[in-house]
Amino acid sequence: MIRCTSSHNLRLTGAALVLMACSAAAGAAPDGAMIFSDLCAACHSETRLGGTGPALIPESLGRLKGEKLQAVIAKGRPMTQMPGFAQTLSVSEIAAVADYVSAPLAKAPVWGVAEIEATRSLRDDYTPTTAPVFMADPMNVTLAVETGDSHISVLDGDTFAVLDRFETPFAVHGGPKFSPDGRYVFVMSRDGWVQKYDIWSLHEVGRARAGLNSRNIAMSHDGKWLAVANYLPKTLTILSTSDLSVAKVIEVEGRDGTASRVSAVYQAPERKSFVLALKDVPEIWEVATDPEAGPFHDGFVHSHEAGMEEALGAEKGLFARRRIAVTAPLDDFFFDPGYRNLIGANREGETGVVVNLDVGREIATLPLPGMPHLGSGISWMRDGRRVMAVPHLNEGRISIIDMTDWSLVKRVETSGPGFFLRSHEGTPYLWADVFTGPHKGEMHLIDKETLEVVKVITPEPGKTVAHTEFTRDGSRALVSIWEDDGAVIVFDTKTQTELMRLPMRKPSGKYNVWNKITFEDGTSH
Ligand code: DHE
């Protein structure tokens, strides 16, 4: 028997301890898989697909790789269950675990109807009320997502009192989606969990894991279905909003059979459909949410001859699917208010495209260099013409596009790359943040008529200040100090003075019920 002298934490099992200590003594590279199994699997699961802790696969880790990932393993994550392993593992062992979790899974995991159903749980302590359990205006309720400790604060939109603060799944991303009457809200995490919460009862209804790595969710025009765009597996999951049961899992494959991730899915209420873009294949799909829909012809083949639908594979009815070919896969997109046109961009490209959804083809290109963030696009009427504004993720400017002739009206220079843009018909300004770089604490107010920056607010120099939401009447703007010991600041939109500061844990997006369910000009999808 080899006697080893290196000291390892005694939480390791005997077999792992002997193997690791001996491999260190023999100069062999540490075994990341074995260390993972011993120290990490209890929370993140042997499959790496997540348990009480998040999934540890490249799709979920995203930009968290190399030294950054090793630092998280060494130091842990404050305010979470993730401990630091610097005292337990050597530098090379930490690197081995980081390499192990950064490697793609050997086999694509199966995540179909049965697997999703097995995760679905409805709260047995939930009893729906017949009226809101609070006095506040339910239409002015505003949710603030706190990513620092995975909670959502439910705010009274008049007094800003916290009506409830409930726990969410880890790493909520994208806008929560409200039922058309504003009573229920659905929240999605990057690990594919969908949570249903009853705002009137201030109570969670239940949750289900609709994917293993997901992008965003969309609500159908009638509030009956929730679409979940997934990266892993390459599917679109459709859940029933009533009890989160699976209505359909659609395998996402291009016309040539290539499987694809879904960049994002949005509802197109006027069209009674979901519209999604495929990330790995140059196609847009439209999926009907109307039982009377169709026949849906593929955008590739335009034949309206009677009797040709069957031969062309046209689909009818609920969840009928139509494909539209585009020049390059789209990462992100936006619609005109009538949902006739989709404005999309591929983040690597220099141009955006306008796709007319009625005729099923591209009709214009847009000059949009610099990673446009179309998911944050907003539009409004200016001088009788509708214009849209888009921030860029790697350039300090905002592009303003005329939505009638698709010309570039102006590039508004800001002090750094921004992430979110918001406005409201009750304010003459766009509120545009700077998310990265030395000016990350600056919020630009841009006049919607002159397109000039009229004011820059820096509520807390040096801290990230991002994402604005307005109250129902637009008289108040809520802005996040996007830090662990952060806050949501309430501004008077007329005077732009600070009225109040609500302490929060790394607050990200805020979402006002009224603005969302009425598709208020100036709000995101
Ligand atoms: Fe987001 C919305 C894509 C990184 C916070 N983000 C969205 C939407 C898309 C998107 C498609 C619209 C979904 C919706 O609301 O239905 N986001 C992407 C990316 O591709 C990107 C750049 C890379 C990625 O990792 O996915 C990205 N996003 C981030 C972040 O790093 C942010 C700042 C922090 C986080 O929580 O991950 C972030 N994204 C947000 C937020 C929204 C969002 C808060 C909702 C904004 C809204 O007002 O609706």
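This text follows the structure it describes.
This is a predicted model, so every value here is computed, not measured.

> Provide a residue-level description of the overall build of the chain, including the pertinent values.
Each helix and strand counted, the chain has 8 helices and 33 strands in total. Against the globule reference of 24 Å for 525 residues, the chain gives a C-alpha radius of gyration of 24 Å, in line with a compact fold. Taking the principal axes of its C-alpha atoms as reference, the chain extends roughly 85 × 65 × 50 Å. The buried share of the chain, reckoned over its 525 residues, is 56%. For the chain, contacts bridging at least 24 residues in sequence account for 49% of all contacts bridging at least 6. Of the accessible surface of the chain, which amounts to about 22,000 Å², a share of 53% is contributed by carbon and sulfur atoms.

> Tell me about the pairing of strand β21 (residues 378-382), residues and numbers included.
Here β21 lies mainly inside the structure; 4 of its 5 residues are buried. Two elements, β21 and strand β22 (residues 385-391), share 5 bridges in a ladder whose sense is antiparallel. Considered in β22, the bridge of R382 is made with R385. Remark: 2 residues form the turn of the hairpin made by β21 and β22, two consecutive strands paired antiparallel; D383 in that turn has positive phi of roughly 50 degrees.

> Any details on the site of the ligand? Residues and values, ideally.
For the ligand, the set of nearby residues contains 23 residues, the closest of which are H173, K177, R190, R422 and S524. Contact distances for the ligand include 2.6 Å between an oxygen atom and a side-chain N or O atom of K177. Within the side chain of R190, a nitrogen or oxygen atom sits 2.7 Å from an oxygen atom of the ligand. Broken down by element, the residue count for the shell around the ligand peaks at 3 residues, all from strand β9 (residues 213-219). Class assignment for the residues of the shell around the ligand results in 9 nonpolar, 7 polar and 7 charged.

> Could you give an account of the side chain of K510, with specific residues and numbers?
Within the secondary structure, K510 sits in strand β33 (residues 507-512). The side chain of K510 sits in the buried core without any salt bridge; D433 is the nearest counter-charge, 7.7 Å away. Engagement of the side chain of K510 in a polar contact is seen with the backbone oxygen of H467, the distance being 2.5 Å. Within the local environment of K510, its side chain forms a polar contact with the backbone oxygen of S508, the two atoms lying 3.2 Å apart.

> Tell me about the nonpolar core, and name the residues and values.
Grouped together as the largest cluster of nonpolar side chains are 23 residues, with contacts concentrated most on F186, V194, I217, V228 and L239. Elements supplying a minimum of two residues to this core: β6 (184-188), β8 (203-209), β9, β10 (225-232) and β12 (246-251). If we skip the residues at most four places from it in the chain, L239 touches I116, V194, A210, K224, W225, L226, V228, L244, S245, V246 and A247.

> Break down the state of the cysteines for me, with residues and values.
Tallying each qualifying case throughout the model produces 0 disulfides. Note on C40: no disulfide assigned, nearest cysteine sulfur contributed by C43 at a separation of 8.7 Å. Judged by relative accessible area, C40 falls into the buried class, the value being 13%. According to the relative accessible area criterion, C43 is partly exposed, its value standing at 36%.

> Explain the sheet that holds strand β13 (residues 262-268) residue by residue, including any values.
In spatial order, the strands read β13-β14-β15-β16; together these 4 strands make up an open sheet with antiparallel pairing. One side of each edge strand has no neighbouring strand; the edge strands of this open sheet are β13 and β16 (321-325). Between one strand axis and the next, the sheet turns by 20 degrees as a mean value, whatever way the strands run. Relative to strand β15 (residues 283-288), strand β14 (residues 273-278) runs antiparallel, the two being bridged by 5 bridges. For F274, the partnering residue across the bridge sits in β15 and is V287.

> Describe the pairing of β33, and please don't skip the residues or the numbers.
With 6 of 6 residues buried, β33 is to be regarded as a mostly interior element. Taken together, the 4 bridges between strand β2 (residues 142-146) and β33 define a ladder with antiparallel strand orientation. Note that in β33 the partner of A144 across the bridge is K510.

> Lay out the packing of helix α2 (residues 32-44) against helix α5 (residues 91-102) in plain terms, naming residues and giving numbers.
It is the contact of α2 with α5, at a shortest axis distance of 8 Å, that shows an interaxial angle of 90 degrees. The orientation of α2 with respect to α5, classified from their angle, is roughly perpendicular. Contacts between α2 and α5 involve G32, A33, I35, F36 and C40 from the first element and E93, A96, V97, Y100 and V101 from the second. By residue class, the composition of the contact of α2 with α5 is 8 nonpolar, 1 polar and 1 charged.

Rules used throughout
Residues numbered from 1 in each chain as written. Predicted model: local features only at pLDDT ≥ 70, side-chain atom pairs only at ≥ 80, totals over all residues. Heavy atoms only, no water. Helix = DSSP H or I, 4+ residues; strand = E, 2+ residues; numbered from the N terminus. Rg over C-alpha atoms; globule rule 2.2 N^0.38 Å. Buried < 20%, exposed > 50% of the residue type's maximum accessible area, 1.4 Å probe, protein only. Contact = heavy atoms within 4.5 Å. Areas by Shrake-Rupley, 256 points an atom, 1.4 Å probe, with all protein chains shown as cover. Pairing = 2+ DSSP bridges. Near = heavy atom within 4 Å. Polar contact = N/O pair within 3.5 Å; in protein donor to acceptor, adjacent residues only side chain to side chain. Nonpolar A, V, L, I, M, F, W, Y, C, P; charged D, E, K, R; others polar. Lys, Arg positive; Asp, Glu negative; His and termini not counted. Salt bridge = Lys/Arg side-chain N within 4 Å of Asp/Glu carboxyl O. Core = buried A, V, L, I, M, F, W, Y, C linked by side-chain atoms within 4.5 Å. Disulfide = S-S within 2.5 Å. Axes fitted to C-alpha atoms, helices over the stretch in contact; angles between N-to-C directions. Parallel < 35°, antiparallel > 145°, perpendicular 65-115°, else oblique.

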